[in-house]
Amino acid sequence: MTARLATTALSLSLALLAASPPSDPAHAAPPGPARPAKAPAATPVDAAPVDAASTGAAVRATLPNGLRVVVIRDRLAPVVTTEINYLVGSSEAPQGFPGTAHALEHMMFRGSAGLDKDQLAAIGAQLGGSYNADTTENVTQYFYTAPAEDLGVMLRIEALRMRGLSLAPADWEKERGAIEQEVARDLSSPSYQYLSRLQAILFAGTPYAHDALGTRPSFDKTDAGLLRAFYEKWYAPNNAILVIAGDVDPAHAIAEARAAFGDIPRRDLPARS
């Protein structure tokens, strides 16, 4: 998992969001192949039937619980990448806890109701896929690449993590060490020091003065209760965009997304900072 500075280019998901208003663990598999390039202009789809013959252009649907789904068909290889984007990052961290979003990103790999951390790792190995995540100031992203025939498995993994993360205090005590090592690594980088200090100057007095990495003092005083409160505020279907890109039929992919996420209730979201 990684935390990225505000100067990093925004992802495909943010570009799609702008067009449609309303970091990494040792236990994660190695980074997967590059994600497909940004597609041509999207074709909006909501409750209307999806044209299964659509190729190249983005096809969209919004589930009744508010989850936005974007499918981009790419037949270059028999693989698919899912990326679920939660529209929250370090800018919404509690006062005095700048790394909360990044810490929760790490904990998403520590197990959920119906899928513990060992099962998550075993499934990843059996699929021969790769998965990881990153956190920025405004979005936290979880991406998974595997054979296209396993799309349903990938979506159910993400649905289980959205539905009920474990967030056990003992797991956080273990993960705290991993994320503090990540902080130590970045603090030893001259380029990171330069960019983070520049960001602090440019955005002084705003939630963007701190990047998404967090600090060791913040993690030392973070506990599982604080992480759960953040998770329950922001990790909801109506605060997420699911992007599916690869060798998939758009109608089938959206049907799979409905089956996996459709019964997760929407939540009332807090006011933005």
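If you're wondering where the values come from, they're calculated on a predicted model, not measured in any experiment.

Draft legend 1. View of the overall build of the chain. Secondary structure summary: the chain contains 9 helices and 9 strands in total. Residues counted as buried form 52% of the 273 residues belonging to the chain. As presented, the chain carries roughly 12,100 Å² of accessible surface, and 59% of it is formed by carbon and sulfur atoms.

Draft legend 2. Main features of the confidence of the model for the chain. Mean pLDDT over the chain stands at 85; residues scoring 70 or higher make up 79%. Confidence drops under a pLDDT of 50 for residues 5-54, and excluding neighbours within four residues, the segment shows 108 contacts in the predicted structure.

Draft legend 3. Highlighting the nonpolar core. Judged by nonpolar contacts, the single largest core of 56 residues is most densely connected at V69, Y86, Y235, L242, I244 and F261. The element contributing the most residues to this core is helix α4 (residues 151-163), with 6 residues. With sequence-adjacent residues up to four places away left out, I244 is seen in contact with V69, V70, V71, I72, V80, T81, T82, L151, L155 and A253. Counting 8 residues, the second largest nonpolar core, distinct from the first, contains A58, L87, V139 and A245.

Draft legend 4. Region of the structure containing helix α5 (residues 169-187). The first and last C-alpha atoms of α5 sit 27 Å apart over 19 residues, in line with the 27 Å expected at 1.5 Å per residue. At E175, α5 is bent by approximately 25 degrees, the largest bend along its length. Buried within α5 are the following residues: D171, W172, E175, R176, I179, E180, E182, V183 and D186.

Draft legend 5. Quick look at the packing of aromatic side chains. One pass over the full model with this rule turns up 9 aromatic pairs. Between the aromatic rings of W172 and F219, the centroid separation amounts to 6.4 Å while the plane-to-plane angle is 65 degrees, which identifies the pairing as edge-to-face. Of this pair, W172 sits in helix α5 while F219 is found in helix α7 (residues 216-221), placing the two residues 47 residues apart along the sequence. Given a relative accessible area of 1%, W172 falls into the buried group. Judged by relative accessible area, which is 0%, F219 ranks as buried. By way of ring pairs, the aromatic residues Y86, F109, Y131, Y142, Y144, Y231 and Y235 are connected into one cluster. R161 extends its terminal NZ or CZ atom over the ring of F109, reaching a point 4.9 Å from the ring centre. Positioned above the aromatic ring of Y231, the side-chain terminus of R267 is 5.9 Å from the ring centre.

Draft legend 6. Structural context of the pairing of strand β2 (residues 58-62). Of all 5 residues that make up β2, 4 are buried, and the element is covered over most of its length. Two strands pair when backbone bridges link them, and β2 and strand β3 (residues 68-73) are joined in this way by 5 bridges, in the antiparallel orientation. Directly across from R60, in β3, lies its bridge partner V70. Joining the antiparallel neighbours β2 and β3 is a turn of 5 residues, in which G66 adopts a positive phi near 100 degrees.

Draft legend 7. The arrangement of the layout of surface pockets in detail. Of the pockets and cavities examined, the largest pocket occupies roughly 400 Å³. Forming the walls of the largest pocket are 21 residues, and the residues nearest its centre are S91, E92, A93, P94 and Q95. Taken together, the residues of the lining of the largest pocket sort by class into 11 nonpolar, 7 polar and 3 charged.

Draft legend 8. Representation of the environment of E149 in the model. Mapped onto the elements, E149 comes out in the loop between β8 (140-147) and α4. On the basis of relative accessible area, E149 is assigned to the exposed category, the value being 74%. With 70 residues separating them along the chain, E149 and V79 place their C-alpha atoms 7.8 Å apart.

Rules used in this analysis
Residues numbered from 1 in each chain as written. Predicted model: local features only at pLDDT ≥ 70, side-chain atom pairs only at ≥ 80, totals over all residues. Heavy atoms only, no water. Helix = DSSP H or I, 4+ residues; strand = E, 2+ residues; numbered from the N terminus. Buried < 20%, exposed > 50% of the residue type's maximum accessible area, 1.4 Å probe, protein only. Areas by Shrake-Rupley, 256 points an atom, 1.4 Å probe, with all protein chains shown as cover. pLDDT = per-residue confidence, 0-100. Contact = heavy atoms within 4.5 Å. Core = buried A, V, L, I, M, F, W, Y, C linked by side-chain atoms within 4.5 Å. Expected span 1.5 Å × (residues − 1). Bend = angle between axes of the 7 residues up to and from the residue. Phe/Tyr/Trp six-rings, centres within 6.5 Å; stacked < 30°, edge-to-face > 60°. Lys NZ or Arg CZ within 6 Å of the ring centre and 35° of its normal. Pairing = 2+ DSSP bridges. 1 Å grid on protein atoms, 1.4 Å probe; cavity = no way out; pocket = protein on both sides within 12 Å on 5 of 7 lines; lining within 4 Å. Points joined across faces, edges and corners; volume = space filled by probe spheres on them. Nonpolar A, V, L, I, M, F, W, Y, C, P; charged D, E, K, R; others polar.

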